[in-house]
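# Architecture and fold: a report
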Amino acid sequence: MTYVVTSVGLTDIMQLRVAVLRKGTPATDCNYPEDAYPDVVHFGIIRDGTAIATSSWFMKECPEIPGVSAMQLKGMAIADELQGAGLGALLINAGVELANERGATIAWARARDSAIGFYERLGFVSTGDGFMDGPTAMPHHIVVRTL
Ligand SMILES: CC(C)(COP(=O)(O)OP(=O)(O)OC[C@H]1O[C@@H](n2cnc3c(N)ncnc32)[C@H](O)[C@@H]1OP(=O)(O)O)[C@@H](O)C(=O)NCCC(=O)NCCS
């Protein structure tokens, strides 16, 4: 099976975001303020008309590295049954390409601790103190990849 990453609409990915990123958390919706940013790009992998993988990318300064041109990714979610099949890596590659096109020096994310190993495999480094994310009540760290 060949998977292709494309730019999609927010409505195409919302069901997947909620299913994957809000499972087992107190939160039920998965809207981000950054969804309204004019430069936001929602990446998706669509199979049979349904999103099976997604992440959203936009320019935003990293609080751990102020003053540096930075692209943040958020809403990284792979359908449960397809996790571990390389789809997350495809999304990171697409986002890094976008970040380079936009002139970013770094890409960064607020990573839940259970996913830090994934980001490290993709060239990110955990930085700063851990913190609890509000909506999910899960421990997180900021992860940064130099481009
Ligand atoms: C975390 C997540 C995005 C990773 O995507 P994925 O498609 O499952 O990951 P991939 O198959 O592309 O894995 C790429 C590499 O990272 C590793 N990896 C994936 N998830 C990992 C994890 N949670 N911990 C450690 N390593 C991980 C894989 O083994 C693989 O390594 P390899 O190159 O040596 O084979 C996905 O599992 C997911 O949606 N999880 C639930 C939601 C979540 O945690 N999202 C992130 C919020 S910050």
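Cut-off values and rules
- Residues numbered from 1 in each chain as written.
- Predicted model: local features only at pLDDT ≥ 70, side-chain atom pairs only at ≥ 80, totals over all residues.
- Heavy atoms only, no water.
- Near = heavy atom within 4 Å.
- Polar contact = N/O pair within 3.5 Å; in protein donor to acceptor, adjacent residues only side chain to side chain.
- Areas by Shrake-Rupley, 256 points an atom, 1.4 Å probe, with all protein chains shown as cover.
- Helix = DSSP H or I, 4+ residues; strand = E, 2+ residues; numbered from the N terminus.
- Nonpolar A, V, L, I, M, F, W, Y, C, P; charged D, E, K, R; others polar.

What follows concerns the site of the ligand. The full set close to the ligand counts 21 residues, and Ile78, Gly84, Gly86, Gly88 and Arg121 are the nearest of them. At a separation of 2.9 Å, a nitrogen atom of the ligand approaches a polar backbone atom of Met76. Within the backbone of Ala85, a nitrogen or oxygen atom sits 3.3 Å from an oxygen atom of the ligand. In isolation the ligand has 890 Å² of accessible area, and contact with the protein removes 70% of it. Put simply, the parts of the chain that give the shell around the ligand at least two residues each are helix 1 (10-21), strand 4 (70-78), helix 2 (87-101), strand 5 (106-112) and helix 3 (116-121). The leading source of residues in the shell around the ligand is helix 3, at four residues. Each residue belonging to the shell around the ligand can be placed in one class, and the counts come to 12 nonpolar, six polar and three charged.

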